[in-house]
Amino acid sequence: MTGKAKIEGLTNSWYGFAVFSAIYGVLMKGIGVFSIAGAVGGLLFSWFITFLIGRALVKKSSLTRLVLVFTSGLLTVLGTLSVGRMAWMFVQTWQFGVLASMAYATVGVWMQARSFRTLMDGSVKAYIG
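Residues numbered from 1 in each chain as written. Predicted model: local features only at pLDDT ≥ 70, side-chain atom pairs only at ≥ 80, totals over all residues. Heavy atoms only, no water.

1. Brief notes about the packing of helix H3 (residues 62–93) against helix H4 (residues 96–119)
A pair of packed helices is captured by two measures, namely the crossing angle of their axes and the spacing between those axes. The N-to-C vectors of H3 and H4 enclose an angle of 155°; their axes lie 8 Å apart at closest approach. When the axis of H3 is compared with that of H4, the two are roughly antiparallel. At the point where H3 passes H4, the crossing takes the left-handed sense. For the contact of H3 with H4, the per-class residue count stands at 16 nonpolar, 11 polar and 1 charged. (Axes fitted to C-alpha atoms, helices over the stretch in contact; angles between N-to-C directions. Helix = DSSP H or I, 4+ residues; strand = E, 2+ residues; numbered from the N terminus. Parallel < 35°, antiparallel > 145°, perpendicular 65-115°, else oblique. Left-handed = near helix turned anticlockwise from the far one by under 90°. Nonpolar A, V, L, I, M, F, W, Y, C, P; charged D, E, K, R; others polar.)

Rendered as structure tokens:
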């Protein structure tokens, strides 16, 4: 798989995560007009940002790659710590909301780790230069 194809696959995964985030937001806030409108607005904004970042990476922006490697690495570590803290809270309270938040945060950490791994891949480094 080429570096460009890996970047495009990662970008598509972030589009899917934006949809997942919107659905999670609606389910956690309740199904209402303002909740759905906020989720749609957040979804469109996330897609726009993902489009800009993905396009910059496909156009071989080494600065974008550098910033994303640093950011995704940092957020992977911080997110893992957050998931651990939520796991401890869940064990103490046994609340479904904490479990749902922990599951959502785990998916977010997985996306950050996947981004870091993809951006550090040899074919992506060679593609961007």
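We are not done yet, so read on.
2. A word on the layout of surface pockets
Taken as a whole, the largest pocket spans an internal volume of roughly 290 Å³. Lining the largest pocket are 15 residues, with Trp14, Ile53, Leu68, Gln112 and Ser115 sitting closest to its centre. For the lining of the largest pocket, the elements supplying multiple residues, two or more each, are helix H1 (3–29), helix H2 (33–58), H3 and H4. Broken down by element, the residue count for the lining of the largest pocket peaks at 5 residues, all from H2. (1 Å grid on protein atoms, 1.4 Å probe; cavity = no way out; pocket = protein on both sides within 12 Å on 5 of 7 lines; lining within 4 Å. Points joined across faces, edges and corners; volume = space filled by probe spheres on them.)

3. Describing the pattern of salt bridges
On inspection of all chains with the given rule, the structure shows 1 salt bridge. Between Lys6 and Asp121 there is a salt bridge, with its nearest N and O atoms 2.8 Å apart. Of this pair, Lys6 sits in helix H1 while Asp121 sits in the loop between H4 and helix H5 (122–128), placing them 115 residues apart in sequence. Assessed through its relative accessible area of 24%, Asp121 is described here as partly exposed. (Salt bridge = Lys/Arg side-chain N within 4 Å of Asp/Glu carboxyl O. Buried < 20%, exposed > 50% of the residue type's maximum accessible area, 1.4 Å probe, protein only.)

4. Quick look at unusual backbone geometry
Even without a glycine there, the phi angle at Lys60 is positive, about 70°. As for its position among the elements, Lys60 is in the loop between H2 and H3. Overall, the relative accessible area of 45% leaves Lys60 in the partly exposed class.

5. Here we look at the nonpolar core
The biggest cluster of nonpolar side chains holds 7 residues, and these are Ile7, Leu57, Val69, Leu119, Val124, Tyr127 and Ile128. Per element, the largest residue contribution to this core is 3 residues, and it comes from H5. Each residue touching Tyr127, except ones within four places of it in the same chain, is listed here: Gly3, Lys4, Ile7, Leu57, Val58 and Lys60. (Core = buried A, V, L, I, M, F, W, Y, C linked by side-chain atoms within 4.5 Å. Contact = heavy atoms within 4.5 Å.)

6. Here's the deal with a nonpolar patch on the surface
Judged by side-chain polarity, Val19, Ile23, Leu27, Ile31, Ile36, Val40, Leu44 and Trp47 come together as a nonpolar surface patch covering roughly 750 Å² of accessible area. The greatest single-element share of the nonpolar patch, amounting to 4 residues, is contributed by H2. Looking at the element boundaries, Trp47 is found in helix H2. (Patch = residues over 30% accessible without salt bridge, like charges linked within 9 Å, V, L, I, M, F, W, Y side chains within 5 Å. Areas by Shrake-Rupley, 256 points an atom, 1.4 Å probe, with all protein chains shown as cover.)

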